[in-house]
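Residue-level structure breakdown
If you want the building blocks of each chain, they are given just below.
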Amino acid sequence: RVMSSSLSAGTSLVGWSLWLFSADGQHFDCLRSTTTQQATAISAQSLQDVLIRHDNGLPDHLPYPAASGVHGLILPFHVDSHLGALCVEVSSPQALENTDEVAFLVAATQLIERTLRTHFQNLREQDLRQRAEIDTLTGLANRRQLFEHARQLQEAGEQLSVVMLDLDHFKQINDRYGHDAGDAV
């Protein structure tokens, strides 16, 4: 929402779309778009054609291919190992000559890049935190989390009950059906 209002204010912007190269490296994913379906399709094709050719040193902006019939800019960026782009469609070719407007769009792209970088960092930290606190086999809190939860309950004056189970001869299930079956049990 912030980008929509910011990019529309004071520019000759008709629409925009935000793209990120997929993790599998096979295609671009459109994260958000306010453009027409035609402009979105042109953006997808232009990204494949233009950005891949410029991967060894991307300029801060590139015009849409002239054959597309759409006036606009492709503003590429890198986030971690991902290649992305802000594609903007403008009302006229003269808008592309407005250096202030282009500078604004380059700055907006840099803001998007920083925001996505922070988002990916937060996702990595969340994943590491979950791996450190949750047992991958059972999906339950590990020992450290159990003790932390017990401490919090104790501070709040609450009680905690713990139940332990021991299945006799469980090794036979693993030996007979395999460890994957034992894990499922």
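Cut-offs used in this document
Residues numbered from 1 in each chain as written. Predicted model: local features only at pLDDT ≥ 70, side-chain atom pairs only at ≥ 80, totals over all residues. Heavy atoms only, no water. Pairing = 2+ DSSP bridges. Helix = DSSP H or I, 4+ residues; strand = E, 2+ residues; numbered from the N terminus. Patch = residues over 30% accessible without salt bridge, like charges linked within 9 Å, V, L, I, M, F, W, Y side chains within 5 Å. Areas by Shrake-Rupley, 256 points an atom, 1.4 Å probe, with all protein chains shown as cover. Salt bridge = Lys/Arg side-chain N within 4 Å of Asp/Glu carboxyl O. Expected span 1.5 Å × (residues − 1). Polar contact = N/O pair within 3.5 Å; in protein donor to acceptor, adjacent residues only side chain to side chain. Core = buried A, V, L, I, M, F, W, Y, C linked by side-chain atoms within 4.5 Å. Buried < 20%, exposed > 50% of the residue type's maximum accessible area, 1.4 Å probe, protein only. pLDDT = per-residue confidence, 0-100.

In space, the five strands of this open sheet follow the order E2-E1-E5-E4-E3, with antiparallel pairing throughout. The sheet is open, and its two borders are formed by strand E2 (28-33) and strand E3 (62-63), each paired with just one other strand. Here eight bridges tie strand E4 (residues 72-79) to strand E5 (residues 82-90), and the two strands are oriented antiparallel to one another. Residue Gly-72 lies in a different strand from E5, and its bridge partner there is Glu-89.

Moving on, we get to unusual backbone geometry. One non-glycine residue, His-169, adopts positive backbone phi at about 60 degrees. As for its placement among the helices and strands, His-169 is situated in the loop between helix H4 (143-155) and helix H5 (170-177).

A separate point is a nonpolar patch on the surface. Among the surface-exposed residues, Leu-146, Leu-160, Val-162 and Met-164 lie close enough to one another that they form a single nonpolar patch of about 400 Å² accessible area. Structurally, the position occupied by Leu-160 is in the loop between H4 and H5.

The periodicity of an α-helix, 3.6 residues per turn, causes residues three or four places apart in sequence to face the same way. Taking 1.5 Å as the rise per residue, H4 with 13 residues should run 18 Å; its terminal C-alpha atoms sit 18 Å apart, in good agreement. The N-capping residue of H4, defined by a side-chain oxygen 3.2 Å from the backbone nitrogen of Arg-144, is Asn-142. Downstream of H4 by one or two residues, Gly-157 has phi in the positive range, about 75 degrees.

A separate point is the nonpolar core. The biggest cluster of nonpolar side chains holds 16 residues, and the ones touching the most others in it are Trp-16, Leu-73, Leu-75, Phe-77, Leu-86, Val-88 and Ile-112. Counting only elements with at least two residues in this core, the list comes to strand E1 (13-21), E4, E5 and helix H3 (99-133). Per element, the largest residue contribution to this core is six residues, and it comes from H3. Residues Phe-21, Phe-28, Tyr-64 and Leu-83 belong to the second largest nonpolar core, which totals nine residues.

Before going further, it helps to examine the confidence of the model for the chain. Here the chain averages 79 in pLDDT, while 75% of its residues score no lower than 70. Per-element confidence in the chain is highest for H4, whose mean pLDDT is 90, and lowest for helix H1 (residues 2-8), whose mean pLDDT is 50.

We now examine the pattern of salt bridges. Under the defined criterion, the tally for this structure stands at six salt bridges. Note that Arg-124 is salt-bridged to Asp-80, the shortest N-O span being 2.8 Å. In this pair, Arg-124 sits in helix H3 while Asp-80 sits in the loop between E4 and E5, placing the two residues 44 residues apart along the sequence. Here the residues in one salt-bridge network are Glu-148, Arg-151 and Glu-155, joined through shared partners.

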